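Structure at a glance
Chain residues, written in single-letter form:
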Amino acid sequence: MKKSTLIGLLILLFIICVNQNGKAQQYPTAEKARWKNHASQVTIVRDEWDIPHIYGKTDADAVFGLMYAQCEENFDQIELNYLEMLGRTAEVNGEKAIYEDLMMRLIQDSVEAIKDFNKSPAWFKNLLQAHADGLNYYLYKHPEVHPKAIRYFKPWYHLMWTDGSVSPTRTGGIKTEDVENFYGNKNKFIAKTKIDFEDKISTGSNGFAIAPMHSKNGAALLYINPHVPFYFRSEMHMNSEEGLNVYGAVTWGQMFIYQGFNEHCGWMHTSSYADVADVYEEKIKKIKTGWVYTYDKEEKNVLQKNISLHYNENGEIKSKTFLTYKTIHGPVMGSHNGKWLSLQENNRSLDALMECWLRTKATDLKSYEKALSLLANNSNNTVFADRTGNIAYWHGNFMPKRNTAFDYSLPVDGSIKSTNWKGKHALSEIVQSINPVNGWLQNCNATPFTVAGIHSPKANLYPAYMAPDGENGRGITAVKLLEKIDKINIDDLIHLGYNKHMSAFDVLLPPFIAYTKTITLNEREKKAIDYLSSWNHDGDTASIATSIAIEWATEWSKEIPAALTEETSTQVWKKYEHMVEAVSNEKKLQLLNKVLAQFEKMYGSWEITWGSINRYQRVNPGEKFNDELPSIAVGQASSKWGTLPAFESNKLEQTNKRYGYSGNSFIAAVSFGKKLEAKTIITGGQSRFANSKHFIDQAQKYINGDFKTIHFYKEDVLANEVISYKPGLTR
């Protein structure tokens, strides 16, 4: 063993022992000096909404300050996010989470992440070090904070999480149950379900770009509207003397603005369902020396590796080791019909994280395309606008070349060379639309072949695997609205983005209402149908029809068989049509009566307005929704029904009312004129603690679509300063 390796192991052992004994973390003098230097070159200014504006001398200083500010707001979520990406959640959640961790460790290799850190260009390595420094400095300055498992963040950790998406890990349809069944020797049947896929598809995100031809002030406009779990991201502003000035939403624990804008351009990401991860059926055979698999008529050794995982059992940390397997395609993740299933993917890479950073400093379309040319992002579409009037859309980014003779939506034969990936498509080859003649672009997690209406890219020009995404109700709604615009400003854009029309019911209701005119109805049925017949299909707090339609359609949709692939589950508009055709009118009427009876039992009357049961309530971390506590009526509904603003809500065991938990989060409308103008809103408020005045100070504005004007230029920030401080000093 090399001397340097031995010293490193001894240091690591010391750190582990100190942490497990619960004593204060000890930090080298040189490290504390580096932290102090960063802190001296960072100022955090919080405005009247408590938004942190971070000013650093260098980009690395700005990263340091960003991480410190994030920790002030939500260290708990930062740690949980890294435990997930590092495959260490069982250290907190117990043995029940061990296969989730194993799945992550099969896909993302920390050894490779460390190699990437070591080979990073110096400027980027400085950012990664500053990222870890900001987190560690916060813990150093706040000994009252007790991490659940991570007491020291390492600079390569961020390279285990190189995408800020809400669903950054692509598995080709492989689930945790597949991993557990294979490596846990469970040999149980795993049903193919639609839940994981449809939850993503039905919620999603919206992005609109408007060219100067449709702008009242002659500047390009951008609408940023991600739909994610509430409080998944926070609103922040980063600045440095090295040219960084970027504003937007950060995913807890990451060092870059994920959805946002600088003075020159802005970007909105919608989750992509372009095929970037494929499953291979391997022909496996056991021989004396181990396992072999067939590839291109040759037998190759299956690579083996032990993965040791730690888990918490009644406060004691225990470990379990799994012997794992890998083929030329990637890690073995499960089995089906006697064939092992391996996964080829690109979930983690140095280039992906560099791309995330570089786009925040783009100055126009050309420089943004330069960042995209790293071809490493595997989960996002991008809607873009810039100061020179360009608007653009790219469907995905990383895109492997494949043989179009095979259907990669299902596992393919891993024994033949022709199914393997054949390099990457160039940026110019992926589905995209740059400055379409109609002057607008939209994407709502749907097909790219309607992003510019009739001027969209043509599907026959691209291989099917590039864009298997189907159409959904939000996409239909967006196109109809955008086709009508003439000249708009950012307030008009916000109004458009908050349109609550549920296009699903344009399909679902007319045939059924026509049917009811041919039969005899009882008085309750007749009155309910009258409500539905006179309804305009818009969500409204005062609407009884909204309550009936949503609960009824939810029951109705359960009658449709599950989609067996991710690609099929994206065909949401076709699902509406299938609901009409596949479910008998008699069954629909039966389900309607079931919902009306449920309303009567729960609320004392079936004539219940949407706003009386659909509520926004924010509670302290760890607390539960409560019908007895104050809440706010919400007219928005789930975007699965085609409404642009998303408000996913559910009734819980302890409640009669429905409470929102996901949907609209950070939203921004931006005008890229000579001087940037932007308005934003976030769910509830900047603070996650009920004792702060910023806990729900944006809640009503968020529900109403009444956005706040942001402070982007330093003179405006300082004019609206409430507090200014250095990291580590008392606020």
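Residues numbered from 1 in each chain as written. Predicted model: local features only at pLDDT ≥ 70, side-chain atom pairs only at ≥ 80, totals over all residues. Heavy atoms only, no water.

Along its length, the protein carries 22 helices and 30 strands. Since a compact globule built from 731 residues should have a radius of gyration of about 27 Å, the 26 Å found for the protein is in line with a globular shape. Over its C-alpha atoms, taken along the principal directions, the protein stretches across nearly 90 × 70 × 55 Å. Burial analysis of the protein (731 residues in total) assigns 59% to the buried set. Sequence separation of at least 24 residues holds for 70% of the intrachain contacts in the protein that already meet a minimum separation of 6. Taken as a whole, the protein presents about 29900 Å² of accessible surface, with 51% of it coming from carbon and sulfur. (Helix = DSSP H or I, 4+ residues; strand = E, 2+ residues; numbered from the N terminus. Rg over C-alpha atoms; globule rule 2.2 N^0.38 Å. Buried < 20%, exposed > 50% of the residue type's maximum accessible area, 1.4 Å probe, protein only. Contact = heavy atoms within 4.5 Å. Areas by Shrake-Rupley, 256 points an atom, 1.4 Å probe, with all protein chains shown as cover.)

Bringing empty space enclosed by the protein into the picture now. A full pass over the atoms with the stated rule returns three cavities of 30 Å³ or more. Size it by volume and the largest cavity reaches roughly 50 Å³. Lining the largest cavity, in full, are S165, V166, S205, P226, V228, R233, Y258, Q259, H269, T270, S271 and N380. Partitioning the lining of the largest cavity into residue classes produces four nonpolar, seven polar and one charged. (1 Å grid on protein atoms, 1.4 Å probe; cavity = no way out; pocket = protein on both sides within 12 Å on 5 of 7 lines; lining within 4 Å. Points joined across faces, edges and corners; volume = space filled by probe spheres on them. Nonpolar A, V, L, I, M, F, W, Y, C, P; charged D, E, K, R; others polar.)

Another point: the side chain of E31. Within the fold, E31 resides in helix α2 (residues 29–40). Classification of E31 by relative accessible area gives buried; the value is 7%. Excluding its chain neighbours within four sequence positions, the residues that come into contact with E31 are D133, N136 and Y152.

To continue, consider the packing of aromatic side chains. Within the structure shown, the criterion is met by 49 aromatic pairs. Between W156 and Y157, the ring centres sit 4.8 Å apart and the planes meet at 85°, which makes this aromatic pair edge-to-face. For the pair shown, W156 and Y157 are each scored as buried. In this arrangement the basic side chain of R618 is found over the ring face of Y231, its NZ or CZ atom lying 4.0 Å from the centre. Cation over ring: K714 sits above Y55, and NZ or CZ is 4.7 Å from the ring centre. (Phe/Tyr/Trp six-rings, centres within 6.5 Å; stacked < 30°, edge-to-face > 60°. Lys NZ or Arg CZ within 6 Å of the ring centre and 35° of its normal.)

The next thing to look at is the sheet that holds strand β10 (residues 278–282). On the basis of which strands lie adjacent, the open sheet formed by four strands has the order β16-β17-β10-β20 and mixed pairing. Because the sheet does not close on itself, it has two edges, and the strands there are β16 (332–336) and β20 (412–413). As paired elements, β10 and strand β17 (residues 339–344) share five bridges and run antiparallel to each other. Of the residues in β17, the one forming a bridge with Y280 is S342. (Pairing = 2+ DSSP bridges.)

Averaged over all residues, the pLDDT of the protein equals 93, while 94% of them reach at least 70. In the model, residues 1–22 has pLDDT below 50 throughout and makes eight contacts with residues more than four positions away in sequence or in other chains. This model gives residues 189–198 a pLDDT under 50, and the stretch forms 21 contacts once residues within four places in sequence are excluded. (pLDDT = per-residue confidence, 0-100.)

F124, M238, M255 and W394 are the most contacted members of the largest nonpolar core, which totals 81 residues. In terms of residues, this core owes the most to one element, helix α3 (residues 59–86), which gives 15 residues. The contacts of M238, once residues within four sequence positions are left out, are I54, A62, V63, L66, L244, N245, V246, M255, I257 and W357. Core analysis: the second largest hydrophobic core is formed by 41 residues, M502, F505, W556 and L591 among them. (Core = buried A, V, L, I, M, F, W, Y, C linked by side-chain atoms within 4.5 Å.)

Tracing the sequence through the fold places H694 in the loop between β28 (677–681) and α21 (699–704). Sequence separation of H694 and W49 is 645 residues, and the distance between their C-alpha atoms is 6.6 Å. If we ignore the near neighbours within four places in the chain, the residues touching H694 are E48, W49, D50, G685, Q686 and S687.

So, on to the pairing of β16. Sheet analysis places β16 next to β17, joined by four bridges and oriented antiparallel. Bridging from a neighbouring strand, V332 pairs with S342 of β17. What sits between the antiparallel neighbours β16 and β17 is a turn of two residues, in which N337 has the positive phi angle 55°.

Once that is clear, we can look at the packing of α3 against helix α7 (residues 122–141). At a minimum axis separation of 7 Å, α3 and α7 run at an interaxial angle of 60°. Taken together, α3 and α7 sit at an angle that is classed as oblique. Our pair here, α3 against α7, has a crossing hand that is right-handed. For the pair α3 and α7, contact is made by D59, A60, V63, F64, M67, Y68, C71, E72, F75, I78 and Y82 and by N126, L127, A130, H131, D133, G134, L135, Y137, Y138, L139 and K141, respectively. Each residue belonging to the contact of α3 with α7 can be placed in one class, and the counts come to 15 nonpolar, three polar and four charged. (Axes fitted to C-alpha atoms, helices over the stretch in contact; angles between N-to-C directions. Parallel < 35°, antiparallel > 145°, perpendicular 65-115°, else oblique. Left-handed = near helix turned anticlockwise from the far one by under 90°.)

When we look at burial in helix α18 (residues 572–582), the residues that qualify are V572, W573, K575, Y576, M579 and V580. Along the axis of α18, the buried residues cluster in a sector spanning 160°; they form a single face. For α18, the exposed residues lying more than 90 degrees away from the buried face are K574 and E581. (Arc of directions from axis to C-beta.)

Further remarks concern unusual backbone geometry. Phi is positive for D296, which is not a glycine, with a value near 55°. Here D296 is to be found in the loop between β12 (290–295) and β13 (298–301). Overall, D296 belongs to the partly exposed group, its relative accessible area being 37%. One non-glycine residue, H537, adopts positive backbone phi at about 70°. Note that H537 resides in the loop between α15 (523–533) and α16 (544–557). A relative accessible area of 12% means that H537 is categorised as buried.

The next subject is the pattern of salt bridges. A complete count under the given rule lists 31 salt bridges for this structure. Residue R34 pairs with D133 through a salt bridge whose shortest N-O separation is 2.6 Å. Separated by 99 residues along the polypeptide, R34 in helix α2 and D133 in helix α7 bring together distant segments of the chain. Overall, R34 belongs to the partly exposed group, its relative accessible area being 31%. Note on D133: relative accessible area 0%, which makes it buried. Salt-bridge contacts for E600 lead to R524; the nearest nitrogen and oxygen are separated by 3.0 Å. (Salt bridge = Lys/Arg side-chain N within 4 Å of Asp/Glu carboxyl O.)

With that settled, consider the environment of Q571. With respect to the helices and strands, Q571 occurs in the loop between α17 (566–569) and α18. When the C-alpha atoms of Q571 and C356 are compared, they prove to be 29 Å apart, with 215 residues separating the residues in sequence. Look past the residues within four positions of Q571 in its chain and what remains in contact with it is P468, D469, G470 and E471.

Turning to α15, a few remarks are in order. Since the α-helix advances by 3.6 residues per turn, residues separated by three or four positions end up pointing in the same direction. Turning to α15, its buried residues number three or more, namely E525, A528, I529 and L532. Buried residues in α15, looked at end-on, bunch into an arc of 100°, giving them a common side. For α15, the secondary structure elements touched by its buried residues are α14 (504–516), α16 and α19 (585–603). At the N-terminal boundary of α15, the capping side chain belongs to N522, with an oxygen 3.2 Å from the backbone nitrogen of R524. (Polar contact = N/O pair within 3.5 Å; in protein donor to acceptor, adjacent residues only side chain to side chain.)

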